[in-house]
Structures are given as structure tokens and as C-alpha cells.
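Results of the structural survey
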Amino acid sequence: MRLIRSAIDRRRGEGSCTLLPSEPEDMWHIYNLVRPGDNLRADTIRKVAKESNAGGETDAGSRKQIQRAHITLTITVKSTDFDPASSKLRVSGQCSVENEYVELGQHHTIELETEKQFTLEKVDGWDSIALDTIREACKPERSAELWAIVMQDGLANICVVTPYQTLVKQKVEVSIPKKRIGGVDQHEKALGKFHGVVLSTMLRHLDLTLTPPPPLLIASPGHYAQGFFKYMQETAKTTSNKPLIAFLPSVVVTHSSTGQVSALNTALNSPAMKNKLRDAKYATESKLMDDFQTGLRLDNGKAWYGPEEVTLAVEKGGVGRGGGVLMVSNSLFRSNDIEERRRWVALVDRVRDVEGGEVRILSSLHESGKRLEGLGGVGAILTFPMPGLDEEIEEAKVAAKVGTETGGEGEGDVGLIIN
Amino acid sequence: MAALSVAEPTKKSKNLNVVEEYEKTNPKKSASFVVIGHVDHGKSTLMGRLLFDLKVVDQRTLDKLRKEADAIGKSSFALAWVMDETKEERARGVTVDFATNYFETDATKFTILDAPGHRDFIPNMIAGASQADFAVLVIDSSTNSFESGLKGQTKEHALLVRSMGVQQLIIAINKMDLAEWAEDRFTEIQQQMSAFLVAAGFQAQNITFVPLAGLTGENVVNPVPKDKAAWYTGPTLVSALDGARATTRAMEKPLRLSINDIFRGGVINPLSISGRIDQGTLQAGDAIVAQPAGETASIKRIEVASQEVDWAVAGQIVILHLTDIDPIHLRHGDIVCHLSSPITTITEFNAKVLAFEHLLPGFVDVHRGPLHVSGKIKGLVATLDKSSGEIAKKKPRIVQPGQVARVSVEMEKGMSLEEGMRIVLRSEGRTIGAGLLE
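All values reported here derive from a predicted model rather than from experimental measurement. (Residues numbered from 1 in each chain as written. Chains lettered and ligands numbered in written order. Predicted model: local features only at pLDDT ≥ 70, side-chain atom pairs only at ≥ 80, totals over all residues. Heavy atoms only, no water.)

1. Topic: the overall build of chain B
A tally of helices and strands in chain B yields 9 helices and 22 strands. Over its C-alpha atoms chain B spans a radius of gyration of 23 Å, differing by no more than 12% from the 22 Å that the globule rule assigns to 438 residues. Reported as C-alpha extents along the three principal axes, the dimensions of chain B are approximately 75 × 60 × 45 Å. Going through the 438 residues of chain B one by one, you find that 57% of them count as buried. Within chain B, contacts between residues separated by at least 24 positions form 71% of all contacts whose residues are at least 6 apart in sequence. Between the averaged position of the 49 positive side-chain charges in chain B and that of its 53 negative side-chain charges there is a distance of 3 Å. (Helix = DSSP H or I, 4+ residues; strand = E, 2+ residues; numbered from the N terminus. Rg over C-alpha atoms; globule rule 2.2 N^0.38 Å. Buried < 20%, exposed > 50% of the residue type's maximum accessible area, 1.4 Å probe, protein only. Contact = heavy atoms within 4.5 Å. Lys, Arg positive; Asp, Glu negative; His and termini not counted. Charge placed at Lys NZ, Arg CZ, Asp CG, Glu CD.)

Below is the structure:
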């Protein structure tokens, strides 16, 4: 992404800037930047009804003609809709600067895409998270991408992993008959067909002619991945597919726990992959989440999750210098509630600038970010144990309102599980 | 014009009262068992031996397998190849998917479900175990193997089958020939396993220990010679199998059959499915609906243990030859029901689970029989008291292994599940919990 013009007052956070996204990943950053209430100015197309008198006097009035007008429009954002697969961001809002075709307050949707310049103004100011996002997005080097096929018998997920996103390009599902007494022909035949479908699907998505070729990771439980790689090698040879033969050395075959996308992190964390990955942002984030969950399992009072718990831990000075880590999913900064957004920005600023702890903002389009979202979107590793944080919060809540809890409807078949 | 039609007419149901028919025929006891245990402990070889000694597999077939196994330098695998038929399984010497086979003793008709032991294929083992009435746990008695199995799948498999409702267990202490039929080795394993299994919830009288040697065949069908093990007076494996109690069958409930396999049954049966009838009954000519797709079909023919029958009841593993449905509507793990009482499709549920490992909100794979789907634990509702089921703590931050908890789970897509079904939760290749849908 290129920053064409910046008129942001760093001190007060007011102003606007003009940005030009250049690659799909940038659209993800923009999705994180554009919030309801902001003013967005960009080129767009609008269908307008134009009155014409060409029809003569026979009609009761003038005849309306629909035209497509290319205009530059400024809207106040009401909602955004991001499609990761096509990397397009649709921004809906109301016109805030009147022009020839559109009146003030009329609704319009602008579609933002790569190579399309736009200007963004934040009425309630640019916070540190938004400024960081721009800085991060405008780094000059092209983001490294990794392709991955996570598979099991009859299921393959073809995905692309970039520093900020994991996108499933296509899911392949083929029903494979199981082995039966004295008959494995159907099984073997269906397995061959499955391999064929996965390979042809992969070739449709993956551009083999890129230099250097993007690394491809094939991961599965058992030996399904090896089986597929062998099929790929054989097909490359028998069809004399030169680009595919040249591509084979950049394939890594490794183990994953299942064929679901959520198992991708087990494959990315494997030692074989770590050497291969130059940009290991997702791997470090995945590792961080692993460490955090290990902390939770140990139950030593140093790992906490959930909005209230983490806020309290920060207030008590637990996320500071010497190992304190605050992890926030960036979905929290996309909240439509301005107060909510400010709350998280303030928490991040406090940990980073006042407490001196480390802040990690995880992408909610990555597996690690999704794991964090499952835990309420925020987690912290503390510098010293704080046992009983949850009880303190409970007590505060009970004090605030009288509990209306009944409980105890659980009986029945537990006995069968445990006795 | 109708006379010109070549299409086979849909078979008419005879409208039998299947439960009455079943009671009238006073059928021979039938039972299915799953063979479980750690990888390379000899499950498939033991089953190959059992089938060979019972003459289900003839000498000629075995000779052929021996020759093929010799050719790639794996002569000891010949018996296992009776069960492991795919190219991959034979090349790697590991069972991948469970194999089904049949044999009969004087008292009982048995169905073998030979499950894979490797930890990567536990989903297939769960699918196999969900069809079983009881389980045979195979343990390698040779030095270090038993111990490494304990760290591996021996315990996990036992806990899994227990949480899936299996109550009876036969422990086959295998490879006793390598342990030179030493009584103290047998007793040592017996004591260690008993302590663990009772703690896991099996009742001591439901566990039978049988020392045997699958490769050479002692004490499988034929008793071990007295000069080798004079100390052992218990049953052979086959008599222990015969001694297993029949389990009750829920025939009066609405039909539920989990589809385990979808295949082409032959030229006249272009679409066939197989699976176990979990509850209810069915007969040829019945109209059925496959959930969650909601597509209807009719049953043309029914096969049980390679024999064509008119009807089948809960507990039986059947092959149904279907008409009037496109195979794209069928998936592994779908549930076949009667039109009158279809199962619901849900995306979220609460379950009461026993935690095998720490439970946290996050990604899980939900397994129910042959069905597995990814989803996530949305919240930990409460931990429960083990004996009373009362709520011990609401909204725990984490559930410790061994605790019982109520969790709420959301699945990626709608699945056919209902109250009382047994589910297994797995994450990153490990079983983290198992329990009942509420």
C-alpha cells in the first residue's frame, strides 16, 4: 500500500490521509481502518435518473433515463462488508458532500479494491492502533505467501497463508468408499480420483510460473499427504508438465492432526516448516497462543483471558516490563461501538507506553486470532501470579446486582460417563 | 405405455411388524465387537488367526497372502493382510480404516470390527467402536511394548470405548510366545490394567483377561498346550467371546442408522450404504429420509452379514441397497430415519462431558460414530459434581482433566444430532473429552 498524502496531526490525531492499496492483503488492513462514522472519499459509479425532454409533448411529463455516472463521492460510513476471497471491501454510507448527482444524506455503497485510491478522514481522531495499521501496511516489501493443502481421506482444504490472513481458496470433498471384504477396488479407484480432483483444483488456483515459486505445504494425518505428493510427482512426469516438475522442489510434506483448516497450526509449528518460513509472523503468533494455553493449563495464575479479567490484571500492573504480554484480536478494534473501541485502544496504549509490556495484535483471519477470539478476544500473560482474579470480578458483580441463579438441572446420565 | 417401461418398480413394503417377527424367529444370539489397542500390538494378525482357525479363511487364501507378504519381505504380516486389504495398509504394515468381517460359533453370530491402532486414525477407530456391542483390547505382552502402549493408545482407546457406552471388555494379552508364557508377566499386566480400568469406570466382573499368541495361534481358538502354560485354566479367546452378555436393543424407538459407508453394491445395486442400526427397525420397501440432506429414498434390499433378509433390527450392521436417491445427497455420518420421525439438524448443543485433558473455549472436532465435523467450544457452562451431577462451579475458566463439565459447542455446519447421543471431542489430534448430548 502507498501513502499518497497524509494530513494527520500526530499530536491530536485529527485529519485525513490518501491511500492506494496495491495487493490483496492491503484490503484487509483497510477493512481494519475504515470504521462507521469516518468520512471516505473515492471514485465510484452511481446509477442516476436524468430527465430528458427528447420525448416531445406526447408524454404527460418528461421521460426519465437511467445513466451510469462516474463520480467522486464523499460518504459518512455506516457499515462495511469485507470479502476475503475476492479482496473487496464494500463501504456503505450516506453522502456527506453534495454534488451534481447525489444529494446530501442519500445512501451509497462504494466498493474499494486494489489499485483504487481513496481518502479517509476520521472525525473522532486517529488512534494509535489505526496509525500502526497504516505503518504496517505501507511497508515496502511484498508480503510472502505460503500455500497449504490440509487433507485427510476424502477432504482437502486448499489455503493460502499470508502474514495477516489464512484464506481457504477451495474445499474439495470426495466420498471414498471404505474397504470391504474381498473388495478394495472401489476404495483405490475413488482415492485416485480424489487425488486427481485435488491436483487439478490446486493448479487452477496456484500460479506455478511465479519466481520464486511460492512454497507449498501438504499436511495430513497418517500418510495421505505423502500419497498425494507421490501422485503429484507421477502426474508431473507422465504428463511432462514442465512448470509442475520445476515446482516440485518447493513442496514440503508434513504432519497435521486432522484435515481441517484449524489443524494448520500444528503443521506450521512443525520443525520442518520453521526452517522454510522466511516470514514467520503467523508461526510466532501461533507459538504465542500455544504458550498462553500452556500457561492456562498449568493454572499458575499468570495466564488470564476474557475482557474483564485482563482489564483488571492490567489495572493491577500485572502486564508490565519483564515478560508481560497483552494479546488482542483485531476484531475488537472493529467494534461498531466507539466507546468499546476506545476502551481497547486505551488498554493497548497503557500496556505499551505506561506499563512497558509487550502488545501483540493478532489477526482474526488467522488460526491464532480465531483461537483468541474463542477466549473472548483478549488474553494476557502476567509478570506475577494473580490467583483469584475471576472471583474478585464475580464478587464485584454480585455486589452490583442480586444474583438470580437457580442451577442444578444437571442430573441424568453423568453416571454412565464416570462410573 | 406403462407396459413399455423398463424401470424396476419400487419394491412394496410387506408391512411386517418387525419386532413381532424378531421375537417369533427366536434368533441366534448376534454380537459385534471392536478390536482396539495400541499400534503394532497385533490386532489385525489376531483377527486373521481367528478367522483362519475357524475356517472362515481357507488355506489357499492364506498361502497366497504368505507368498505376497514374503515377496516384499514382510512374511509375518500375512495373517494381518486378511483384514488389511488396501495397498497403503499393506505397503506400510499399518491398519488405516476398520475392517468388518463375520464368523459364527455354535452359540453366536459375530461381527468383527478391526480398528486401527495408530493415533492418526482414531476417527476411524471411533467410527468402528460406535458399531460395537463390546470390545476386545489387545495388549502386547513383550518387554517394553506393554509399557509404551500405556503411554500411547492402550489407555486412550479403553477410555474412548467406555465413554461411547461399551461396558464389557475382553483383554487379549498377546504375543505370550515372546514372553515365553511367563505367568508373572501375565499377572503383572493384569493387575496394572485392572486398576486402571476400574478407575476408568469398568466393573471388574465385566473384564476378562485372556493370554494368547495371535501369530502362532495358541489360546485363540485352540487352547494353549499344557506343557507351555500349565498355570492357565481360563477360557480361550473364542469361548471368552461366547461368554459376552447380549446387550439390550432399542427396537421400539424411531429408526436411527448412521451411514458408515456409501458405495456401489454392484450392477443391479448402483447405490448402497452400510451402517449400524442404532435404534428402531426397518424392512425392505420402507421409505427413508437421509438427514441432514432431507432427501428421501426407498430400501430395495437389505443384507445382514452377506445374507439377504426382509427386515433388520437395532444392533445389527446392515447394508441397504437404495433406489430413488442421488449419491451426492449422502455423506458419511448422515443418519437414516423413517419419514414419520426424522432426526433434527442442529448447529449448537450443550453436552455433559468428562474431560480427558484441559478444556478451554476454542476449536474442537466433534465426533459421533462415523461423523466428524469441526466446531468450537463456545463456552464452559459449569463444572459438575461427578456423583450427583449438581453444578459445582459456574463459568469455570478452565476444566481440569478428570472433571465433568457442561460445555456449549457450536459446529461449522448443521448436523443431525439429538439428545442422548454420545459424542467425542478432539483437538489437535488428541481426545480432550467425551460425553452425552443434552
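From this point, things continue past the structure.
2. A word on the domain arrangement of chain B
Residues and elements named next belong to chain B. For chain B, the assigned domains read domain 1 (29–242), domain 2 (251–338) and domain 3 (345–437). Computed from C-alpha coordinates alone, the two centres of domain 1 and domain 3 are separated by 30 Å. The partner domain 3 presents 10 residues to the 12 residues of domain 1 that form the contact. Across the domain 1/domain 3 interface, buried area totals approximately 960 Å², and carbon plus sulfur atoms make up 66% of it. Where domain 1 touches domain 3, the interface holds 1 salt bridge. We note a salt bridge from Arg-426 to Glu-156, for which the minimum N-O separation is 3.3 Å. Put simply, domain 1 and domain 3 have 3 residue pairs in polar contact (both at pLDDT 80 or more) between them. Where the side of domain 1 that touches domain 3 is concerned, the elements lending two or more residues are helix H5 (122–129) and helix H7 (153–163). (Domains from an automatic or database assignment. Buried area = accessible area lost by both parts, 1.4 Å probe. Salt bridge = Lys/Arg side-chain N within 4 Å of Asp/Glu carboxyl O. Polar contact = N/O pair within 3.5 Å; in protein donor to acceptor, adjacent residues only side chain to side chain.)

3. So, the interface of chain A and chain B
With 55 residues of chain A in contact, the opposing surface of chain B contributes 65 residues. On inspection of chain A and its partner chain B, the count reaches 15 residue pairs in polar contact (both at pLDDT 80 or more). In terms of residue class, the side of chain A that touches chain B is made up of 15 nonpolar, 23 polar and 17 charged. (Nonpolar A, V, L, I, M, F, W, Y, C, P; charged D, E, K, R; others polar.)

4. Observations concerning the pairing of strand S15 (residues 335–338) of chain B
All names here are of chain B. With burial as the criterion, each face of S15 is covered, one bearing Ile-335 and Cys-337 and the other bearing Val-336 and His-338. With 4 bridges joining them, strand S10 (residues 287–291) and S15 adopt antiparallel strand pairing. Residue pairing in the sheet places Gln-291 in a bridge with Ile-335 of S15. (Pairing = 2+ DSSP bridges.)

5. Here's the deal with the UniProt feature "domain: Tr-type G" (unreviewed entry) in chain B
Per the UniProt record, the feature "domain: Tr-type G" (unreviewed entry) sits at residues 28–255 of chain B. Helix makes up 35% of residues 28–255 of chain B and strand makes up 17%, while its end C-alpha atoms are separated by 22 Å. (UniProt positions renumbered as here; feature names shortened; annotations may be inferred.)

6. Let's talk about the packing of aromatic side chains
Going through the model one piece at a time under the given rule, you end up with 12 aromatic pairs over all chains. With a centroid separation of 4.9 Å and 20° between ring planes, the pair formed by Tyr-31 of chain A and Phe-82 of chain A is classed as stacked. Taken as a pair, Tyr-31 of chain A in helix H1 (residues 24–33) and Phe-82 of chain A in strand S4 (residues 63–83) lie far apart in primary sequence, 51 residues in all. Residue classification places Phe-82 of chain A among the buried positions, given a relative accessible area of 13%. A centroid spacing of 6.2 Å and a plane angle of 75° characterise the contact between Phe-186 of chain B and Tyr-232 of chain B, whose relative ring orientation is edge-to-face. Taken together, the residues Phe-186 of chain B in helix H8 (residues 183–199) and Tyr-232 of chain B in the loop between strand S6 (207–211) and helix H9 (237–242) connect sequence positions 46 residues apart. Three or more aromatic residues joined by ring pairs make a cluster, and in this case those are Phe-33, Phe-103, Phe-110 and Phe-134 of chain B. (Phe/Tyr/Trp six-rings, centres within 6.5 Å; stacked < 30°, edge-to-face > 60°.)

7. A word on the domain arrangement of chain A
Residues and elements named next belong to chain A. Taken domain by domain, chain A holds domain 1 (2–51 + 65–137), domain 2 (146–279) and domain 3 (282–400). Placing the centre of domain 1 and that of domain 2 at their C-alpha centroids yields a distance of 38 Å. Buried area between domain 1 and domain 2, summed over both chains or domains, comes out near 540 Å², and the portion from carbon and sulfur atoms is 44%. Area buried by domain 1 at its contact with domain 2 is led by Glu-25, Trp-28 and Pro-84, which between them contribute 67% of it. At the junction of domain 1 and domain 2, the tally comes to 4 residue pairs in polar contact (both at pLDDT 80 or more).

8. Quick notes on the sheet that holds strand S11 (residues 216–220) of chain A
Residue and element names in this part refer to chain A. In space, the 5 strands of this open sheet follow the order S10-S9-S8-S11-S12, with mixed pairing throughout. With one partner strand each, in any of the chains shown, strand S10 (166–173) and strand S12 (251–255) form the two edges of the open sheet. Each strand axis lies, on average, 20° off the axis of its neighbour in the sheet, ignoring direction. Relative to S11, strand S8 (residues 146–152) is paired through 4 bridges, and the arrangement is parallel. Bridge assignment links Val-150 to a residue of S11, and that residue is Ala-219. Packing against the sheet, helix H3 (residues 185–205) makes contact with S8, strand S9 (155–161), S10 and S11, and its axis sits at approximately 150° to S10. (Axes fitted to C-alpha atoms, helices over the stretch in contact; angles between N-to-C directions.)

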